[in-house]
Amino acid sequence: MHGSAANFTTYKLGGQNIVRVKAFHPKNANTIRQQHHRACFKLLVKVYRVFGGMTDLGFPNRPANQSTYNAFMAANLPNAIDTTSDVPKIDFRKLVVASGTLPMVTVTGATIDSTGVFVEYTCSTNFGDGGATDRVVAFLRTTTGELAVARQVRGNAANGAVLIPIQDLKVVELECVYLFTTSADEKRASNSVFVEVEG
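The shown structure was predicted, so the numbers you read here are calculated from the model rather than taken from an experiment. (Residues numbered from 1 in each chain as written. Predicted model: local features only at pLDDT ≥ 70, side-chain atom pairs only at ≥ 80, totals over all residues. Heavy atoms only, no water.)

Asker: Could you clarify how one ought to interpret the state of the cysteines in this entry?
Answerer: Should the sulfur atoms of two cysteines be covalently bonded, the bond is a disulfide. In the structure shown here, the tally under the stated rule is 0 disulfides. No disulfide involves Cys176; its sulfur sits 18 Å from the nearest other cysteine sulfur, which is in Cys40. (Disulfide = S-S within 2.5 Å.)

Now the structure itself:
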């Protein structure tokens, strides 16, 4: 006699019939906590998709067997979700869109006008880890879902500025703005910086 039924398995061993019983404890796969976790996961998936290739630029140092998507989710799932209310939401200040070993830029100011968002920054002029050929990547997302991107060479100066071009945008229409650097060959990146924009 051999076979399985429900949580029982029978087989012969040395001429004897053996019956094994598997632990069977069906659990509710739709608890409040699981629903909450799924909602958080969906929020991050949506953000990953709307950021387009920005996250591909931001996670070049990930392990060879890890996708950009997995690196983004691993960096953000525990920390970037605001769970203080019943409905989870993204905390854009804590969201990581780039992670790497290049020196971070420090945002010194950001303003908005009719031509776009103007971000001023400082960076290390000690080019042991980064160089004058590194690229500064700045991007924003509006509340209507529009993505605007600006890239420029970092240069030799300790101070710099980048304009993210977008016409006639108001501060209340901004969802988030980020800044990070990549190497010229895009094989290295810095950690991302959330940018606070003044009206």
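Asker: Looking at this structure, how should I read the nonpolar core?
Answerer: One recurring pattern in soluble globular proteins is that nonpolar side chains are buried together. Residues Phe51, Phe72, Phe92, Leu95 and Tyr178 are the most contacted members of the largest nonpolar core, which totals 24 residues. Listed by contribution, the elements that provide at least two residues to this core are helix H1 (32-50), helix H2 (54-58), helix H3 (68-76), strand S8 (135-142) and strand S11 (174-182). Among the elements that make up this core, the one with the highest residue count is H1 (5 residues). Look past the residues within four positions of Phe72 in its chain and what remains in contact with it is Leu44, Val47, Tyr48, Thr55, Phe59, Leu95, Val96 and Val97. In terms of nonpolar packing, the next biggest core, distinct from the first, is built from 22 residues, Val105, Val117, Ala138 and Ile166 among them. (Core = buried A, V, L, I, M, F, W, Y, C linked by side-chain atoms within 4.5 Å. Buried < 20%, exposed > 50% of the residue type's maximum accessible area, 1.4 Å probe, protein only. Helix = DSSP H or I, 4+ residues; strand = E, 2+ residues; numbered from the N terminus. Contact = heavy atoms within 4.5 Å.)

Asker: Please clarify how the sheet that holds strand S9 (residues 147-153) should be interpreted in this entry.
Answerer: Within a sheet, neighbouring strands are paired by backbone hydrogen bonds and run either parallel or antiparallel to one another. One open sheet accounts for 4 strands, arranged S9-S8-S11-S12; its pairing is antiparallel. Each having just a single partner strand, S9 and strand S12 (193-194) make up the two edges of the open sheet. (Pairing = 2+ DSSP bridges.)

Asker: What exactly am I supposed to notice about H3 here?
Answerer: Note on helix geometry: an α-helix contains 3.6 residues per turn, so any two residues three or four positions apart are oriented the same way. Listed as buried for H3 are Thr68, Ala71, Phe72, Met73 and Asn76. In this structure, the buried residues of H3 make contact with H1, H2 and strand S4 (81-82).

Asker: Got a minute to help me understand the sheet that holds strand S2 (residues 8-13) in this structure?
Answerer: If you trace the 3 strands from one edge of the open sheet to the other, you get S1-S2-S3, paired in antiparallel fashion. Two strands lie at the open edges of the sheet, namely strand S1 (3-5) and strand S3 (16-21), each paired on one side alone. Each adjacent strand pair in this sheet contributes to an overall mean axis angle of 20°, direction not counted. Examined bridge by bridge, S1 and S2 share 3 bridges and lie antiparallel to one another. Within S2, the position partnered with Ala5 by the bridge is Phe8. (Axes fitted to C-alpha atoms, helices over the stretch in contact; angles between N-to-C directions.)

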